[in-house]
Amino acid sequence: MEKLYYPQVRETVYRTKLQNGLTVLVVPKPGFQKKLCYLAVDYGSIHRTCTVDGKPFEAPMGVAHYLEHKLFDMPGRDVAAEFAELGGFPNAFTGYDMTAYHFNCTDHFEQCLQLLIEFVSTPYFTEETVEKERGIIIQEILMNRDSPDTVIFEQQAECMYKNHPVREPILGTEESVKQITPEILHQCHRAFYHPGNMLLCVVGDVDAQEVAAIATRMLPVTEAPQVECPRHWPEKMEVEEPVVR
């Protein structure tokens, strides 16, 4: 495990890439009570069009965010309740170019870390649970329409860009989320939720080698799909629409 010291901020970071492909970063904070953990995936709302194992694939708007919601579901289990029993506080967010799952705790760090990795790496999507989540996400979309800063930001992106998918809302639209199926969620999870496309970052009074050992044990070596997504989109220097109404 590589040890990196940053004298400007007097911090040490341990970094390694596991055999399963996962990048692990640990910032030790001896004496600190709280531990923070993030499991980030290089997959966000802009990654809608790609090729997977040589086959073209296009997902509806909002799939990355929908997938974030659904991964908290595990068959016959309540992930939030399990974290609560351990004293952990989990959450997640989806951005344009990443999805991150995280928790903080003071005790039972190892169990919380195992639970985080387990539910993120366990796709469980049924027609019933996906349909139930659809209504929840549509309500979230409608709530965003009542948020002036969100509306202004998204309309500004529409004005500025013609081709870049950043012009599309992270949550998608009512119409697009109605197109999301369990099969699509499975396809996106397989394509992007591979350890080689993920990063685990931990800050706190923890042992870096133990963090790496848990991640190695919880995420075995598997064959990664070959995924290619566009990273650049042609845009003119002028805004697409100078005014939005």
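Up top is the structure these notes are about.
What counts, and at which threshold
Residues numbered from 1 in each chain as written. Predicted model: local features only at pLDDT ≥ 70, side-chain atom pairs only at ≥ 80, totals over all residues. Heavy atoms only, no water. Phe/Tyr/Trp six-rings, centres within 6.5 Å; stacked < 30°, edge-to-face > 60°. Helix = DSSP H or I, 4+ residues; strand = E, 2+ residues; numbered from the N terminus. Buried < 20%, exposed > 50% of the residue type's maximum accessible area, 1.4 Å probe, protein only. Pairing = 2+ DSSP bridges. Axes fitted to C-alpha atoms, helices over the stretch in contact; angles between N-to-C directions. Contact = heavy atoms within 4.5 Å. Expected span 1.5 Å × (residues − 1). Left-handed = near helix turned anticlockwise from the far one by under 90°. Nonpolar A, V, L, I, M, F, W, Y, C, P; charged D, E, K, R; others polar. Parallel < 35°, antiparallel > 145°, perpendicular 65-115°, else oblique. Disulfide = S-S within 2.5 Å.

Draft legend 1. How the structure looks around the packing of aromatic side chains. According to the stated counting rule, one finds ten aromatic pairs in the structure shown. Summarising the aromatic geometry, the rings of F72 and Y101 are spaced 6.2 Å apart at their centres and angled 45° between planes, so their arrangement reads as tilted. Remark: Y101 occurs in strand β10 (residues 99-105) and F72 occurs in the loop between α1 (63-70) and β7 (73-74); sequence separation between them is 29 residues. For F72, a relative accessible area of 22% corresponds to the partly exposed category. With a centroid separation of 4.6 Å and an interplanar angle of 35°, the aromatic rings of F72 and F119 are classed as tilted. Taken together, the positions of F72 in the loop between α1 and β7 and F119 in helix α3 (residues 109-120) put the pair 47 residues apart, joining distant regions of the chain. The buried category is assigned to F119, whose relative accessible area is 1%.

Draft legend 2. Quick peek at the sheet that holds strand β2 (residues 11-17). Pairing within the open sheet is mixed, and its seven strands lie in the order β1-β2-β3-β11-β4-β10-β9. The open sheet has two edge strands with one neighbour each: β1 (2-6) and β9 (89-94). Across the sheet, the mean angle separating the axes of adjacent strands is 15° when strand polarity is ignored. Relative to β10, strand β4 (residues 35-41) is paired through seven bridges, and the arrangement is antiparallel. Following the sheet pairing, A40 is matched in β10 by A100.

Draft legend 3. Molecular detail of the environment of F119. Sequence separation of F119 and D73 is 46 residues, and the distance between their C-alpha atoms is 7.7 Å. Each residue touching F119, except ones within four places of it in the same chain, is listed here: L71, F72, M74, V79, F83 and Y101.

Draft legend 4. Layout of helix α4 (residues 127-144). End to end, α4 covers 26 Å across 18 residues, agreeing with the expected 26 Å (1.5 Å per residue, within 8%). Within α4 the residues assigned to the buried category are T129, V130, E133, R134, I137, I138 and I141. Packed against the buried residues of α4 are α1, β7, α6 (174-177) and α7 (182-192).

Draft legend 5. Inspection of the packing of α3 against helix α8 (residues 208-218) at higher detail. As a packed pair, α3 and α8 sit with axes 10 Å apart at the nearest point and diverge in direction by 35°. Every pair of crossing elements has a handedness; the one defined by α3 and α8 is right-handed. On α8, the residues that touch F109, E110, L113, Q114, I117 and E118 of α3 are E210, V211, I214, A215, R217 and M218. A breakdown of the residues in the contact of α3 with α8 according to their chemical character gives seven nonpolar, one polar and four charged.

Draft legend 6. Inspection of the environment of K34 at higher detail. Tracing the backbone shows K34 in the loop between β3 (23-28) and β4. The spacing of K34 and Q187 is 153 residues in sequence and 36 Å in space, taken between C-alpha atoms. Ignoring sequence-local partners within four residues, the contact set of K34 consists of N104, C105, T106, V203 and G204.

Draft legend 7. Examining the pairing of strand β11 (residues 198-204) more closely. Only one face of β11 is buried: it carries M198, L200, V202 and G204, and the other face, with L199, C201 and V203, is open. As paired strands, β3 and β11 are joined by six bridges and run parallel to one another. Its bridge partner lying in β11, L25 is registered against C201. Two strands pair when backbone bridges link them, and β4 and β11 are joined in this way by six bridges, in the antiparallel orientation. Paired with A40 across the two strands is L199, which belongs to β11.

Draft legend 8. The arrangement of the packing of α1 against α7 in detail. It is the contact of α1 with α7, at a shortest axis distance of 10 Å, that shows an interaxial angle of 90°. Relative to α7, α1 is oriented roughly perpendicular. Along the contact surface, α1 presents V63, Y66, L67 and K70, while α7 presents I184, L185, C188 and H189. Split by residue class, the contact of α1 with α7 holds six nonpolar, one polar and one charged.

Draft legend 9. Local environment of the state of the cysteines. Under the criterion given, the structure shown has zero disulfides. With no disulfide of its own, C112 lies 4.4 Å from the sulfur of C105, the closest cysteine sulfur. Exposure remark for C112: the relative accessible area of 0% places this residue in the buried category. Between C201, a cysteine without a disulfide, and C37, which holds the nearest cysteine sulfur, the sulfur-to-sulfur distance is 7.9 Å. The class for C201 is partly exposed, based on a relative accessible area of 22%.

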